[in-house]
Number of protein chains: 2
Amino acid sequence: MKTTALIMAGGRGERFWPRSRKSLPKQFLSLTGDGRTMIQLTIERILPIVAMEDIFIATNRDYKALVKKQLPELPEENILCEPIGRNTAPCIGLGAVHIAHKYEDALMMVLPSDHLIKYNSMFVKVLKEACRIAEENMNLVTIGITPDYPETGYGYIKFNPSICKGQAFAVDRFVEKPSLEVAKEYLETEEYLWNSGMFVWKTSSILKNMELFMKDTYMGLQKIQTAIGTEEETQVLETEFAAFPSQSVDYGIMEKAESIYTIPGTFGWDDVGSWLAVERIRKTNELGNVVNGNVITINSKNCIIEGSKKLIAAVGLDDLIVVDSEDATLICEKRSAGDIKKVLENLKICNREEYI
Amino acid sequence: MKTTALIMAGGRGERFWPRSRKSLPKQFLSLTGDGRTMIQLTIERILPIVAMEDIFIATNRDYKALVKKQLPELPEENILCEPIGRNTAPCIGLGAVHIAHKYEDALMMVLPSDHLIKYNSMFVKVLKEACRIAEENMNLVTIGITPDYPETGYGYIKFNPSICKGQAFAVDRFVEKPSLEVAKEYLETEEYLWNSGMFVWKTSSILKNMELFMKDTYMGLQKIQTAIGTEEETQVLETEFAAFPSQSVDYGIMEKAESIYTIPGTFGWDDVGSWLAVERIRKTNELGNVVNGNVITINSKNCIIEGSKKLIAAVGLDDLIVVDSEDATLICEKRSAGDIKKVLENLKICNREEYI
């Protein structure tokens, strides 16, 4: 069976301001320091198991030009433009009907475009195993991440360690972001994984589940599939997509479906959730600084400094995030990284759209 | 007797980097937030007692164009260009011979171009009184500043409270920058003033003292005076000035001369020694921030933020100095303000002259 991939690249993340903008979200940024963007790295990572022509990118239509520019070898018809953001379920449905249109049935890996993975070959092995399991029956496979610490910012997957299929375990249930105490319990039981938002299934399996649990969306998706390649394609997509409820695949399908398996991954996954992640994904120097661009540091330590052309002189700083961009510079105490969104709120209130 | 002024504007201060540069020192910057530069404020302040045509500016020849631009009403011949920096004594000597050339003898106020004064009318009163005293005999008058706190960064003037002439006291001696303990003693005795580097005397008095205590410099100055207005003027200035020893007027004259008087000034003097001074000379907001330019602050306090066109977003900051310029941004903990010079040393070592 053909292996295909749907890369979800419609996010508008604000947490990498001022580098990320409405017009240039995180997946199109290079954050590793090697020049390649998150979406480029995502594609490179899976090329050992899927051909470029079988990779589909679901994104907001505003980003079509960016996808074309950053992935020039991708066939243009593989860029699926969402007329409006409707969370992951409609996005995955749109991918599924396009793949089904091309191959009738195929294996479909669903991957976010803005995460990093350290050990690619291990990741590819997990995906292969997931494909093997997803090919059987109507299995839905989700890639879980073995937690290192009691993170409270992710959802968790509870699996049943006594029911396994190859390297996968049967999933008991999906749980929302826990409190710290609950997260600590999860870590101790060793029966919980982080929900990474990576899935593998057949298009037939996911569409069948949509028919069961998201009937209206399914009906709309059928109309969209029928219109592919016709003159009405854009019009139908526009109309149907706008009518879909905004729903995550976790809530819409995974929490309700049968035959869900998870493979615990230990391939160095990182969702790169904020500028603080830069310390994890880049090398710090002997003073604990991560420095990039035109920067001079004097007696500064534990800082993340993303310079650009303009010279930044950092004197006597500690635990600071500094990010320069063409028209804006962020200077933020590490412990206030969560407040970067307040800058954007302020900019919105003041109608300073050029900075958003 | 004619009242004239010599404004010393040859300094190359590094402490206001990145706004101040070799090509744009502190006296040509606006630091008060009202748009007028330090030298412009200096001139405005004395216009009630001296005509524009009687104000002379001694500066490095590199800054002649800047002086012309910032003081368009000043006669061009009043800009005296030092071919090389030789500290204050030769600079004052050059001013004195130019004034003596124009008026034979005249009162000469010598003022730095990069200090601020809060109460201008009080300052003008002190200058008038200084002129009155300087007109008598060969009196040399220096304006002292009544200290508020035991500053260790300034020289002090010890006066004799029992010998006074009008509002002036006889000076016992000039003392170098003291230790903190010594500075505290000075403050307690109430017989010490800060040495502000502001003087009033007749050109005949200062030149006579130069003849007594700086004979070689005096001889050179005579040659310079003779050449004023001739074809050889530039050549003679070049040759003689380069041969002068680099010497302050304090060390070269004031510590040795007779009949020195000081007037204690309480007119809100500030030498604006570093970015930290901005807090004293500008209004802070309710969070203790001094903010200027295109800046957004979120949960930040006690910061000095000098923005420019580029947006600066300050998030969760405390006690930081941020200064943006066209090609460089300084971010500095307040307590490390003294280390700004290390940035310049680093730039020099790396031959990055464009930033110096």
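Residue positions are given per chain, counted from 1 along the sequence in the order it is written. Lettering of chains starts at A and numbering of ligands starts at 1, both following the order in which they are written. A pLDDT threshold of at least 70 governs which residues receive local features in this predicted model, and a stricter bar of 80 or more applies before side-chain atom pairs are shown or counted, although totals over entire chains, interfaces and linings include all residues. Side-chain calculation: all heavy atoms of the structure are included, whereas hydrogens and water are not.

1. Examining the sheet that holds strand β16 (residues 320-324) of chain B
Defined as follows: Being paired, for any two strands, means DSSP has found at least two bridges between them. Think of it this way: any DSSP run of H or I at least four residues long counts as a helix, any run of E at least two long counts as a strand, and we number them from the N terminus. Under this scheme, a helix contributes an axis fitted over its contacting stretch, all axes are lines through C-alpha atoms, and angles between N-to-C directions fall in the 0 to 180 degree range.
Read from one edge of the open sheet, six strands run β13(A)-β15(A)-β17(B)-β16(B)-β14(B)-β12(B), paired in mixed fashion. Two strands bound the open sheet, and with one partner strand each, they are β13 (295-298) of chain A together with β12 (290-292) of chain B. Taking the axes of each pair of neighbouring strands and ignoring which way they run, one obtains an average angle of 10° across the sheet. Sheet analysis places strand β15 (residues 311-315) of chain A next to strand β17 (residues 328-333) of chain B, joined by five bridges and oriented parallel. Across the sheet, Ile312(A) pairs through a bridge with Thr329(B), a residue of β17(B).

2. Regarding the sheet that holds strand β17 (residues 328-333) of chain A
Which entries qualify depends on this criterion: In this description, contact between two residues means that some pair of their heavy atoms is separated by no more than 4.5 Å.
Across the sheet, six strands lie side by side as β12(A)-β14(A)-β16(A)-β17(A)-β15(B)-β13(B); this open sheet has mixed pairing. Sheet topology places β12 (290-292) of chain A together with β13 (295-298) of chain B at the edges, where each strand pairs with a single neighbour. Here the strands of the sheet are splayed against their neighbours by 10° on average, with no regard to which way each runs. Direction of pairing for strand β16 (residues 320-324) of chain A relative to β17(A): antiparallel, over a ladder of five bridges. Bridge pairing in β17(A) links Val322(A) to Ile331(A). Those strands touched by helix α11 (residues 340-349) of chain A are β17 of chain A together with β13 and β15 (311-315) of chain B, and its axis lies near 130° from that of β13(B).

3. Some thoughts on the pairing of β16(B)
Just so we agree on the cut-off: Residue burial is assigned from relative accessible area. The probe radius is 1.4 Å, only protein chains are included, and a residue is buried under 20% of its type maximum, exposed over 50%, and partly exposed in between.
Judged by how many residues are buried, β16(B) sits mostly within the fold: five of five residues are covered. The antiparallel hairpin formed by β16(B) and β17(B) contains three residues in its connecting segment.

4. Quick word on the packing of aromatic side chains
Going by this rule: Whether two aromatic rings pair depends on their centres lying within 6.5 Å, for rings of Phe, Tyr and Trp, where Trp uses its six-membered ring; planes under 30 degrees apart make the pair stacked, over 60 edge-to-face, and the rest tilted. Two limits define a charge over a ring: the Lys NZ or Arg CZ must be within 6 Å of the ring centre, and within 35 degrees of the ring normal.
Within this structure, the stated rule accounts for 24 aromatic pairs over all chains. For the pair Phe199(B) and Trp201(B), a centre-to-centre distance of 5.1 Å together with 10° between the ring planes defines the contact as stacked. Residues Phe199(B) and Trp201(B) agree in their burial class; the two are buried. Here Lys158(A) stacks its cationic end above the ring of Tyr192(A), 6.0 Å away from the centre of that ring. We note Lys256(A) situated over the ring of Tyr251(A); from NZ or CZ to the ring centre the distance is 4.9 Å.

5. Things to note about the interface of chain B and chain A
The criterion, for reference: Two parts placed together each lose some accessible area; with a 1.4 Å probe, that loss summed over both constitutes the buried area. Salt bridges are defined by distance alone: a side-chain nitrogen of Lys or Arg within 4 Å of a carboxyl oxygen of Asp or Glu. N or O atoms within 3.5 Å of each other form a polar contact, as long as, within protein, one can give a hydrogen and the other can take it, and as long as residues adjacent in sequence are counted only when both atoms are side-chain atoms. Under this grouping Gly is polar, as are all residues other than the nonpolar Ala, Val, Leu, Ile, Met, Phe, Trp, Tyr, Cys and Pro and the charged Asp, Glu, Lys and Arg.
Taken together, the contact pairs 35 residues of chain B with 35 residues of chain A. Of the roughly 2,800 Å² buried at the junction of chain B and chain A (both faces included), carbon and sulfur atoms supply 60%. One can count two salt bridges joining chain B with chain A. Inspection of the chain B/chain A interface yields 22 residue pairs in polar contact (both at pLDDT 80 or more). Residue assignment for the side of chain B that touches chain A shows that the elements contributing at least two residues are β13, β15, β16, β17 and α11 (340-349) of chain B. Top element by residues in the side of chain B that touches chain A is β17(B). It accounts for six residues. Looking at the side of chain B that touches chain A, its residues break down into 19 nonpolar, seven polar and nine charged.

6. A closer look at the relation of the copies chain B and chain A
We apply this condition: Residues reaching a pLDDT of at least 70 in both copies supply the C-alpha atoms on which the copies are superposed by least squares.
Mapping chain B onto chain A leaves a residual RMSD of 0.0 Å; the transformation is a rotation of 180° accompanied by 0.0 Å of translation along its axis. Taken together, the turn and the small shift mark the pair as related by a two-fold rotation axis. Residue Ile331(B) of chain B places its C-alpha closer to the rotation axis than any other residue of that unit, at 4.3 Å. Residue by residue, 100% of the interface of chain B is reproduced at the interface of chain A, so both copies engage with the same surface.

7. Brief notes about the pattern of salt bridges
Under the defined criterion, the tally for this structure stands at 56 salt bridges over all chains. Of the charged contacts in the structure, one is a salt bridge between Glu333(A) and Arg335(A), with a shortest N-O distance of 3.4 Å. Given the relative accessible area of 11%, Glu333(A) is considered buried. On the accessibility criterion, Arg335(A) (69% relative accessible area) is exposed. With a shortest N-O distance of 2.7 Å, Arg21(B) and Asp327(B) are connected by a salt bridge. Pair noted here: Arg21(B) is in the loop between β1 (3-8) and α1 (38-46) and Asp327(B) is in the loop between β16 and β17, with a separation of 306 residues, a long-range link. Residue classification places Arg21(B) among the buried residues on the basis of a relative accessible area of 11%.

8. Some details on the pairing of strand β4 (residues 107-112) of chain A
Residue and element names in this part refer to chain A. Across the six residues that make up β4, a large majority, six, are buried. Burial along β4 is two-sided: the residues Leu107, Met109 and Leu111 and Met108, Val110 and Pro112 are all buried. In this sheet, β4 lies alongside strand β1 (residues 3-8) in parallel orientation, the contact comprising six bridges. Pairing of Ile7 across the sheet is with Leu111, part of β4.

9. Comments concerning empty space enclosed by the protein
Basically, it comes down to this: Put simply, the grid is 1 Å and covers the protein atoms alone, a cavity is a trapped set of points that fit a 1.4 Å probe, a pocket is an open set with protein on both sides within 12 Å along at least five of seven lines, and lining residues have an atom within 4 Å of a point. Grid points are joined across faces, edges and corners, and a volume is the space filled by probe spheres set on the points.
Here the structure, examined in full by the defined rule, presents two cavities of 30 Å³ or more. The volume enclosed by the largest cavity comes to roughly 50 Å³. Together, Thr42(B), Arg45(B), Ile46(B), Leu111(B), Pro112(B), His115(B), Ile117(B), Phe123(B) and Met198(B) line the largest cavity. Among the elements of the structure, α1 and β4 (107-112) of chain B are those that each provide at least two residues to the lining of the largest cavity. Here the lining of the largest cavity takes three residues from α1(B), the largest share from any one element. Considered class by class, the residues forming the lining of the largest cavity number six nonpolar, two polar and one charged. Its boundaries defined by the atoms lining it, the second largest cavity holds a volume of some 50 Å³. In terms of lining residues, the second largest cavity is bounded by Thr42(A), Arg45(A), Leu111(A), Pro112(A), His115(A), Ile117(A), Phe123(A) and Met198(A).

10. Quick look at helix α4 (residues 120-135) of chain A
Residues and elements named next belong to chain A. To keep things clear, this is the line we draw: Given a helix with a known number of residues, its expected span is that number minus one, times 1.5 Å.
Given a rise of 1.5 Å per residue, 16 residues ought to cover 22 Å, and the 22 Å separating the end C-alpha atoms of α4 matches this to within 8%. Phe123, Val124, Val126, Leu127, Glu129, Ala130, Cys131, Ile133 and Ala134 are the residues of α4 that are buried. Looking at the residues trailing α4, positive phi occurs at Asn137, about 45°.

11. A few points about the packing of helix α3 (residues 88-103) of chain B against helix α6 (residues 203-213) of chain B
Residue and element names in this part refer to chain B. Put simply, the test is: Roughly parallel here means an angle under 35 degrees, roughly antiparallel means over 145, roughly perpendicular means 65 to 115, and every remaining angle is called oblique. By definition, any crossing whose near helix is turned counterclockwise from its far helix by less than a right angle is left-handed, and any crossing with a clockwise turn is right-handed.
Here α3 crosses α6 at 130°, and the two axes come no closer than 10 Å. As the angle between them shows, α3 and α6 are arranged oblique. In the packing of α3 onto α6, the handedness of the crossing is left-handed. In contact with Ala89, Ile92, Gly93, Ala96, Val97, Ile99 and Ala100 of α3, α6 contributes Thr203, Ile206, Leu207 and Met210. Broken down by class, the residue content of the contact of α3 with α6 amounts to nine nonpolar, two polar and no charged.

12. Describing the confidence of the model for chain A
The condition is simple: Each residue carries a pLDDT value, the predictor's own confidence for that position, ranging from 0 to 100.
Taken residue by residue, chain A gives an average pLDDT of 96. The fraction at 70 or more is 100%. At the level of chain-chain contacts, confidence expressed as ipTM amounts to 0.88, with global pTM at 0.89.

13. Points about the environment of Asp105(B)
All names here are of chain B. By the secondary structure assignment, Asp105 is in the loop between α3 and β4. Given the relative accessible area of 23%, Asp105 is considered partly exposed. C-alpha separation for the pair Asp105 and Lys2, spaced 103 residues apart in sequence, amounts to 8.0 Å. Setting aside chain neighbours within four positions, we find Asp105 in contact with Met1, Lys202, Thr203 and Ser204. A polar atom in the side chain of Asp105 sits 2.7 Å from the side chain of Ser204.

14. Let's talk about the side chain of Lys334(A)
Residues and elements named next belong to chain A. Among the secondary structure elements, Lys334 is positioned in the loop between β17 and α11. A relative accessible area of 12% means that Lys334 is categorised as buried. For Lys334, the side chain forms a polar contact with the side chain of Glu279, separated by 2.2 Å. In contact with Lys334, other than residues within four places in its own chain, are Leu276, Glu279, Asn302, Cys303, Ile304, Asp319, Leu320 and Ile321.

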